[in-house]
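# Topology and contacts: notes
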Amino acid sequence: MRISEAITKGANILKINNIHNFFLDSEILLGNILNKKREFIILNHNLKIQKNDFLKYISLIQERSSHKPLAYIIRKKDFWKNEFYVDNRALIPRPDTEIIIEEILNILRARKINNFLEIGVGSGCIILSILNEINCLKATGIDISHKALEVCKINSKRLGLNSRIKLYKCDIDKFDIGKYDLIVSNPPYICRSDLNNLMKDVIGYEPKNALNGGNDGVFEIRKVIKKSSKLLKKKGKLVLEIGHGQKNKVSELLKNNGFFIKKVIKDHGQKDRCIISIKI
């Protein structure tokens with residue numbers, strides 16, 4: 001069977017099962033089986049593939065048909081300038097979160113930062129992307145999930161950053177190690193009542209504790225802000241990812257806890273996504 005035929009068969013199965021990017025996903029999944037990039041698949045449609053490879057490919061197509069996220073099937077996701085290992089122990093990195101990387105790099109290049117903390121490291125995509133850009137920087141990361149920390153450790157090892165990061169399993173309420181010049185966090189911010197309205201790919205597979213922001217969506221954000229006010233040095237910066245429609249509520253929480261709002265940044269969809277504040 002030729003690559004073009006396999007792609008068509010796979011895409012048709014995905015389309016029937018309401019997978020939006022059915023051709024794209026089919027090409028990526030076949031590339032994963034053949035250990036080739038998508039560009040190779042596109043440029044070699046007439047190349048024949050082995051029956052065993054086709055059967056493995058169809059098995060992955062069936063997985064994707066159940067709405068299992070593509071990243072969890074192939075166990076990887078591109079984020080910023082690196083490829084991260086991912087599985088269902090941690091959230092899949094989102095493109096919109098890359099704006100946080102840009103902003104933190106601007107902060108780090110403008111002033112010397114000695115102590116950098118991430119609250120809720122997940123897969124490690126934020127903290128490790130920053131460390132990979134700034135050679136002399138060391139950082140601390142915490143997460144309440146032991147499973148998420150295992151994924152972060154896999155990625156820190158793959159990127160050769162083990163010696164520059166300290167990881168702790170801890171709820172932010174109970175963390176009291178060190179004082180920091182910079183804190184970043186992408187906490188859970190989806191209202192509990194909205195969880196079941198999320199796409200099947202998300203609510204059916206990604207860890208709910210990394211999505212659930214409590215009854216008002218800012219339960220975890222509130223905890224992050226309150227603790228950051230104690231962990232940050234004076235004039236230290238807090239970089240916080242927020243959900244749609246949360247800017248005013250989160251800004252008020254920040255002001256009430258001794259922060260000055262420096263900047264609010266929009267994501268690729270022009271929604272308020274990131275708040276940068278300074279401890280007064």
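Reading guide: rules and limits
Residues numbered from 1 in each chain as written. Predicted model: local features only at pLDDT ≥ 70, side-chain atom pairs only at ≥ 80, totals over all residues. Heavy atoms only, no water. Helix = DSSP H or I, 4+ residues; strand = E, 2+ residues; numbered from the N terminus. Rg over C-alpha atoms; globule rule 2.2 N^0.38 Å. Buried < 20%, exposed > 50% of the residue type's maximum accessible area, 1.4 Å probe, protein only. Contact = heavy atoms within 4.5 Å. Areas by Shrake-Rupley, 256 points an atom, 1.4 Å probe, with all protein chains shown as cover. Lys, Arg positive; Asp, Glu negative; His and termini not counted. Charge placed at Lys NZ, Arg CZ, Asp CG, Glu CD. Pairing = 2+ DSSP bridges. Axes fitted to C-alpha atoms, helices over the stretch in contact; angles between N-to-C directions.

## Here's the deal with the overall build of the protein
- Across its full length, the protein carries 11 helices and nine strands.
- Here the C-alpha atoms of the protein give a radius of gyration of 21 Å, agreeing with the 19 Å that 2.2 N^0.38 yields for 280 residues.
- Counting only C-alpha atoms, the protein reaches 65 × 40 × 30 Å along its principal axes.
- The buried share of the protein, taken over its 280 residues, is 50%.
- In the protein, the proportion of contacts linking residues at least 24 apart, taken out of those at least 6 apart, comes to 67%.
- Roughly 14300 Å² of accessible area belongs to the protein as shown, and the carbon and sulfur atoms make up 49% of that amount.
- Side-chain charges of the protein comprise 51 positive and 30 negative groups, with the mean position of each set lying 4 Å from the other.

## Considering the sheet that holds strand E8 (residues 259–266)
- Spatially, E5-E4-E3-E6-E7-E9-E8 is the arrangement adopted by the seven strands of the open sheet, whose pairing is mixed. Edge positions in the sheet fall to strand E5 (165–169) and E8, since each of these pairs with one other strand and no more. If you compare each strand with its neighbour and ignore which way they point, the axes differ by 15° on average.
- Here E8 runs beside strand E9 (residues 272–279); their pairing, made up of seven bridges, is antiparallel. Across the sheet, Lys 263 pairs through a bridge with Ile 276, a residue of E9.

Bear in mind that shape data such as this cannot, by itself, settle questions of function.
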